[in-house]
Amino acid sequence: GVRKGLISGLGNMGPWGWFFCCLFLWYIAIPFYLIKRGELKMKAQEADRSSAKNEKLQKQSNSIERLEKLADLKNRGILSEEEFEKKKRETLQTV
């Protein structure tokens, strides 16, 4: 082990000093965590809702873009009316 007195300052404690410092840390850290826990949970839920909302908006915008491309293909005569309706239903079901 390391002998006491090799370094100066706060680190120059024996095992009991370190034990009480760690114990004191727990007396501060745990109550602080318990006080802030509700706030942390709310922030996490807001982030989850925000990411879910962004994902839904991204899917909707991708669907709109795909429908626009399908309509353009139909207007140019590349897709028939039946093919267009089938692809449109498939696209709308994924939203």
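One can find the structure itself at the top, above this paragraph.
This one's a predicted model, so the numbers in the text were calculated from it and none came from an experiment. (Residues numbered from 1 in each chain as written. Predicted model: local features only at pLDDT ≥ 70, side-chain atom pairs only at ≥ 80, totals over all residues. Heavy atoms only, no water.)

## What to know about the overall build of the protein
Then step 1. Helix and strand counts for the protein stand at two helices and zero strands.
Then step 2. Dimensions of the protein, computed from C-alpha atoms along their principal axes, come out at roughly 90 × 30 × 15 Å.
Then step 3. Burial analysis of the protein (95 residues in total) assigns 6% to the buried set.
Then step 4. When the accessible surface of the protein is totalled, it reaches about 8,500 Å², and 61% of it is carbon and sulfur.
Then step 5. With 18 positive and 12 negative side-chain charges, the protein shows a separation of 14 Å between the mean positions of the two kinds. (Helix = DSSP H or I, 4+ residues; strand = E, 2+ residues; numbered from the N terminus. Buried < 20%, exposed > 50% of the residue type's maximum accessible area, 1.4 Å probe, protein only. Areas by Shrake-Rupley, 256 points an atom, 1.4 Å probe, with all protein chains shown as cover. Lys, Arg positive; Asp, Glu negative; His and termini not counted. Charge placed at Lys NZ, Arg CZ, Asp CG, Glu CD.)

## Describing the packing of aromatic side chains
Then step 1. The full count for this structure, using the stated rule, is three aromatic pairs.
Then step 2. In textbook terms, an aromatic cluster arises when at least three aromatic residues are bridged by ring pairs, as seen for Trp16, Phe19 and Phe20. (Phe/Tyr/Trp six-rings, centres within 6.5 Å; stacked < 30°, edge-to-face > 60°.)

## Some details on the pattern of salt bridges
Then step 1. Here the structure, examined in full by the defined rule, presents four salt bridges.
Then step 2. Asp72 is the partner of Arg76 in a salt bridge, and the nearest nitrogen-oxygen pair spans 3.4 Å.
Then step 3. Note on Arg76: relative accessible area 56%, which makes it exposed. (Salt bridge = Lys/Arg side-chain N within 4 Å of Asp/Glu carboxyl O.)

## Things to note about the environment of Ile28
Then step 1. Note that Ile28 resides in helix 1 (residues 15-75).
Then step 2. For Ile28, a relative accessible area of 45% corresponds to the partly exposed category.

## Focus: the state of the cysteines
Then step 1. Scanning the model with the defined rule gives zero disulfides in all.
Then step 2. In this structure Cys21 is a free cysteine whose sulfur lies 6.9 Å from that of Cys22, the closest cysteine sulfur available. (Disulfide = S-S within 2.5 Å.)

## What to know about the packing of helix 1 against helix 2 (residues 81-93)
Then step 1. Close contact between helix 1 and helix 2 brings their axes to 10 Å; oriented N to C, the two are set at 180 degrees. Here helix 1 is positioned roughly antiparallel relative to helix 2, judged by the angle of their axes. Contact with helix 1, carried on its side by Ser63, Arg66, Leu67, Leu70, Ala71 and Lys74, involves Glu81, Phe84, Lys87, Lys88, Thr91 and Leu92 of helix 2 and no other residues of that element.
Then step 2. By residue class, the composition of the contact of helix 1 with helix 2 is five nonpolar, two polar and five charged. (Axes fitted to C-alpha atoms, helices over the stretch in contact; angles between N-to-C directions. Parallel < 35°, antiparallel > 145°, perpendicular 65-115°, else oblique. Contact = heavy atoms within 4.5 Å. Nonpolar A, V, L, I, M, F, W, Y, C, P; charged D, E, K, R; others polar.)

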